[in-house]
Amino acid sequence: MLSLADLKPGAPVLIDVFATWCKPCAQMAPAVTALAARWQPRGVEVLGVSLDTPDTIGALPAWIASHGINYPIVGDGLGWDSEFAAAWHIDSIPRLILLDGAGVIVSADLGGATIEEV
């Protein structure tokens, strides 16, 4: 599985926590995809974390394609029971978490339906 250590060392990281069944996540997905397109050339890594479950993980490839996502997506199919959700104290989605180049959380709850709002 991909981890933060696999990303470019010293780069800021935007973590997009979502699930295919989450309507607000689908509403925010175009803004996140646009942010990724804008920020990746500037050295910001973007990583998606799916909180889908065994019942919904099969929808992930189509969801990724429908939103034009071109950044890595990880997820273990355990939804709210995943180690990631517990370790990062994820209690609602969508959730955007911004880490600086040293891995320090700069913001743990970015959000919005447009780039400007995010």
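Look a little higher up for the structure.
Residues numbered from 1 in each chain as written. Predicted model: local features only at pLDDT ≥ 70, side-chain atom pairs only at ≥ 80, totals over all residues. Heavy atoms only, no water.

(A) Geometry of the state of the cysteines. Here the structure, examined in full by the defined rule, presents one disulfide. Residue Cys22 pairs covalently with Cys25 via a disulfide, S to S 2.4 Å. Residues Cys22 and Cys25 are joined through a disulfide that is right-handed, its torsion about the S-S bond being 80°. On the basis of relative accessible area, Cys25 is assigned to the buried category, the value being 3%. (Disulfide = S-S within 2.5 Å. Buried < 20%, exposed > 50% of the residue type's maximum accessible area, 1.4 Å probe, protein only.)

(B) Summary view of the packing of aromatic side chains. With the rule as written, the count across this model stands at two aromatic pairs. Taken together, a centroid distance of 4.6 Å and an interplanar angle of 5° make the contact between Phe18 and Trp63 stacked. Taken together, the positions of Phe18 in strand S1 (residues 13–18) and Trp63 in helix H2 (residues 60–66) put the pair 45 residues apart, joining distant regions of the chain. Since its relative accessible area comes to 1%, Phe18 is described here as buried. Residue class for Trp63 comes out buried when judged on its relative accessible area of 8%. (Phe/Tyr/Trp six-rings, centres within 6.5 Å; stacked < 30°, edge-to-face > 60°. Helix = DSSP H or I, 4+ residues; strand = E, 2+ residues; numbered from the N terminus.)

(C) Structural view of the pairing of strand S4 (residues 95–99). Burial within S4 is extensive, with five of its five residues counted as buried. Covered by surrounding structure in S4 are Arg95, Ile97 and Leu99 together with Leu96 and Leu98, the residues of both alternating faces. Judged from the five bridges that link them, S1 and S4 form a sheet pairing that is antiparallel. Among the inter-strand pairings, Asp16 is bridged to a residue of S4, identified as Leu96. (Pairing = 2+ DSSP bridges.)

(D) Highlighting the pairing of strand S2 (residues 45–50). Of all six residues that make up S2, five are buried, and the element is covered over most of its length. Examined bridge by bridge, S1 and S2 share six bridges and lie parallel to one another. Pairing of Val17 across the sheet is with Val49, part of S2. In this region the chain leaves S1, passes through helix H1 (residues 23–39) and returns to the parallel neighbour S2; the handedness of that crossover is right-handed. Here S2 runs beside strand S3 (residues 73–74); their pairing, made up of two bridges, is parallel. Bridge pairing in S3 links Val49 to Val74. (Right-handed = clockwise from strand over helix to strand, strands pointing away.)

(E) Spotlight on the nonpolar core. The biggest cluster of nonpolar side chains holds 29 residues, and the ones touching the most others in it are Ile15, Val17, Ile90 and Ile93. Breaking this core down by element, the ones donating at least two residues are S1, H1, S2, H2, helix H3 (83–87) and S4. Here Val17 is in contact with Val49, Leu51, Phe84, Ile90, Ile93, Pro94, Arg95 and Ile97, once residues within four sequence places are set aside. (Core = buried A, V, L, I, M, F, W, Y, C linked by side-chain atoms within 4.5 Å. Contact = heavy atoms within 4.5 Å.)

(F) Molecular detail of the environment of Asp109. In this fold, Asp109 is placed in strand S5 (residues 105–110). Its relative accessible area of 55% is what places Asp109 among the exposed residues. Between the alpha carbons of Asp109 and Ile93 there is a distance of 9.4 Å; along the sequence they are 16 residues apart. Setting aside residues up to four positions removed in sequence, Asp109 forms contacts with Arg95 and Leu96.

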